[in-house]
Amino acid sequence: MTGDKVDFTHIAWGSVQWTMLCTLYLRAYESRSPRPILGDRFAAAAVERIDYDFAKIHKATNPRSNQFTVALRARQFDEWAADFLARHPDATVLHLACGLDSRALRLAPPATVQWFDVDVPEVIALRRQLYEERDGYRMLGTSVTAPGWLEQLPNDRPTLVIAEGLLPYLSEAEARTLLRRVTDRFPAGEVMFDGVAPWVARVVKLFVWGLADPHLIERWNPRLRFLAATSGIQQYRRVPARFHRLLYRLGAAIRPMREFNPMYRYSF
């Protein structure tokens, strides 16, 4: 991670880049908890270096409550990814729509892993001000739905594809095509992503589609085999604050809340 102060004051309120800053801020805020769930010290270091009005982001994000949602989801993906890398220390990792996430640093994969953080060029330009490429780690500036970019990557290793905060913003056809292209390109591996329930996609206009049945993915793509599903709210035991832990526990008992933003894991 580079050490100079970086100017992000040009990022417009409400933009995609602003949303990424909000997520980064929530992870940084959570890292300072006495008992953090995620403990993303790299996010905290990045926020310290960024010139931006984080006081406004603090007010908009209500981190005292929302830090747990972000941390629980990231922690689950980290654990799934760490499990895959423990079994495949020579893997290729594709982190799609990576934003400003520091997962490649948090997991500290062995030097034998080839890790690619992928996002649109304007996001990667921001990342390059915070993080540096190194042996085994590269950043690619491209839309994940663009043709051709996957063919630039090696396809001789087990491959982990992480798509956190991506698929609900794609059309169903785009999501289906992306998953097919991944399984066509790589010999074997795992895909993990989060989604939203169909009713959420209807109510929250930011989302384009929702997944009602995780086995639908298997019918889309016979190479994909469903392994697991969970949600952040079901991880309520990890929440250190007693009041919020109780709220999450109550939410986990209500099916619509439990299915609001599930996480899925598949092998191929």
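Residues numbered from 1 in each chain as written. Predicted model: local features only at pLDDT ≥ 70, side-chain atom pairs only at ≥ 80, totals over all residues. Heavy atoms only, no water.

Some details on the overall build of the protein
Right, so step 1: Within the protein, the regular secondary structure consists of 11 helices and nine strands.
Right, so step 2: Relative to a compact globule of 268 residues, whose C-alpha radius of gyration would be 18 Å, the protein shows 18 Å and is just as compact.
Right, so step 3: For the protein, the spread of C-alpha atoms along the principal axes amounts to about 45 × 45 × 35 Å.
Right, so step 4: Out of the 268 residues belonging to the protein, those deemed buried represent 51%.
Right, so step 5: Just so you have it, the protein exposes about 12600 Å², and 54% of that area is on carbon and sulfur atoms.
Right, so step 6: In the protein, the 36 positive side-chain charges and the 29 negative ones have mean positions that sit 7 Å from each other. (Helix = DSSP H or I, 4+ residues; strand = E, 2+ residues; numbered from the N terminus. Rg over C-alpha atoms; globule rule 2.2 N^0.38 Å. Buried < 20%, exposed > 50% of the residue type's maximum accessible area, 1.4 Å probe, protein only. Areas by Shrake-Rupley, 256 points an atom, 1.4 Å probe, with all protein chains shown as cover. Lys, Arg positive; Asp, Glu negative; His and termini not counted. Charge placed at Lys NZ, Arg CZ, Asp CG, Glu CD.)

Some details on the packing of aromatic side chains
Right, so step 1: A complete count under the given rule lists 11 aromatic pairs for this structure.
Right, so step 2: Plain terms: the ring middles of Tyr25 and Tyr29 are 6.3 Å apart, the flat faces sit at 45° to each other, and that makes the pair tilted. In this pair, Tyr25 and Tyr29 are both assigned in helix 1 (residues 16-31), four residues apart and thus about one turn of the helix distant.
Right, so step 3: Overall, Tyr29 belongs to the partly exposed group, its relative accessible area being 27%.
Right, so step 4: Pairing Phe193 with Tyr264 gives two aromatic rings, centres 5.5 Å apart and planes at 50°, and the pair type is tilted. A residue pair is termed long-range when its members are at least 10 positions apart, and Phe193 in strand 7 (residues 189-194) and Tyr264 in strand 9 (residues 262-267) qualify at 71 residues. (Phe/Tyr/Trp six-rings, centres within 6.5 Å; stacked < 30°, edge-to-face > 60°.)

Quick word on the pairing of strand 7
Right, so step 1: For strand 7, the tally of buried residues reaches six of six residues, placing the bulk of the element in the interior.
Right, so step 2: As paired elements, strand 6 (residues 159-163) and strand 7 share five bridges and run parallel to each other. In the sheet register, Thr159 faces strand 7, and the bridge partner there is Gly189.
Right, so step 3: Of the crossover connections in this fold, the one passing from strand 6 over helix 7 (residues 172-185) to the parallel strand 7 is right-handed.
Right, so step 4: Relative to strand 9, strand 7 runs antiparallel, the two being bridged by five bridges. (Pairing = 2+ DSSP bridges. Right-handed = clockwise from strand over helix to strand, strands pointing away.)

Considerations on helix 1
Right, so step 1: In this model helix 1 runs 23 Å from its N-terminal to its C-terminal C-alpha over 16 residues, within 8% of the 22 Å that 1.5 Å per residue would give.
Right, so step 2: A large share of helix 1 lies buried, amounting to 12 of its 16 residues.
Right, so step 3: Every buried residue belonging to helix 1 is among Gln17, Trp18, Met20, Leu21, Cys22, Leu24, Tyr25, Leu26, Arg27, Ala28, Glu30 and Ser31, and all of these are buried.
Right, so step 4: Its buried side turned inward, helix 1 meets helix 2 (41-49), strand 2 (50-51), helix 3 (54-61), helix 4 (63-87), helix 5 (103-106) and helix 6 (121-127). (Expected span 1.5 Å × (residues − 1). Contact = heavy atoms within 4.5 Å.)

Focus: the environment of Leu246
Right, so step 1: Examined against the element boundaries, Leu246 turns out to sit in helix 10 (residues 242-252).
Right, so step 2: The partly exposed category is assigned to Leu246, whose relative accessible area is 46%.
Right, so step 3: Separated by 223 residues in sequence, Leu246 and Thr23 have C-alpha atoms that sit 23 Å apart.

What about helix 2?
One turn of the α-helix equals 3.6 residues, which is why residues spaced by three or four share an orientation.
Right, so step 1: Considered for burial, the residues of helix 2 that qualify are Phe42, Ala43, Ala44, Ala46, Val47 and Arg49.
Right, so step 2: Among the structural elements, strand 1 (6-7), helix 1, strand 2, helix 3 and helix 5 are those in contact with the buried residues of helix 2.

Regarding the state of the cysteines
Right, so step 1: The full count for this structure, using the stated rule, is zero disulfides.
Right, so step 2: Lacking any disulfide linkage, Cys22 is separated from the closest cysteine sulfur, that of Cys98, by 17 Å.
Right, so step 3: When its relative accessible area of 7% is taken as the criterion, Cys22 is described as buried.
Right, so step 4: Using a relative accessible area of 4% as the deciding quantity, one classes Cys98 as buried. (Disulfide = S-S within 2.5 Å.)

Topic: unusual backbone geometry
Right, so step 1: Of note in this structure, Asn62 is not a glycine but carries a positive phi near 50°.
Right, so step 2: When you line up the elements, Asn62 lands in the loop between helix 3 and helix 4.
Right, so step 3: Overall, the relative accessible area of 41% leaves Asn62 in the partly exposed class.

Concerning the side chain of Thr142
Right, so step 1: Within the fold, Thr142 resides in the loop between strand 5 (137-141) and strand 6.
Right, so step 2: Accessibility expressed as a relative area gives 14% for Thr142, which makes it buried.
Right, so step 3: Thr142 has contacts with Val118, Asp119, Val120, Pro121 and Trp149, leaving out every residue within four places of it along the chain.

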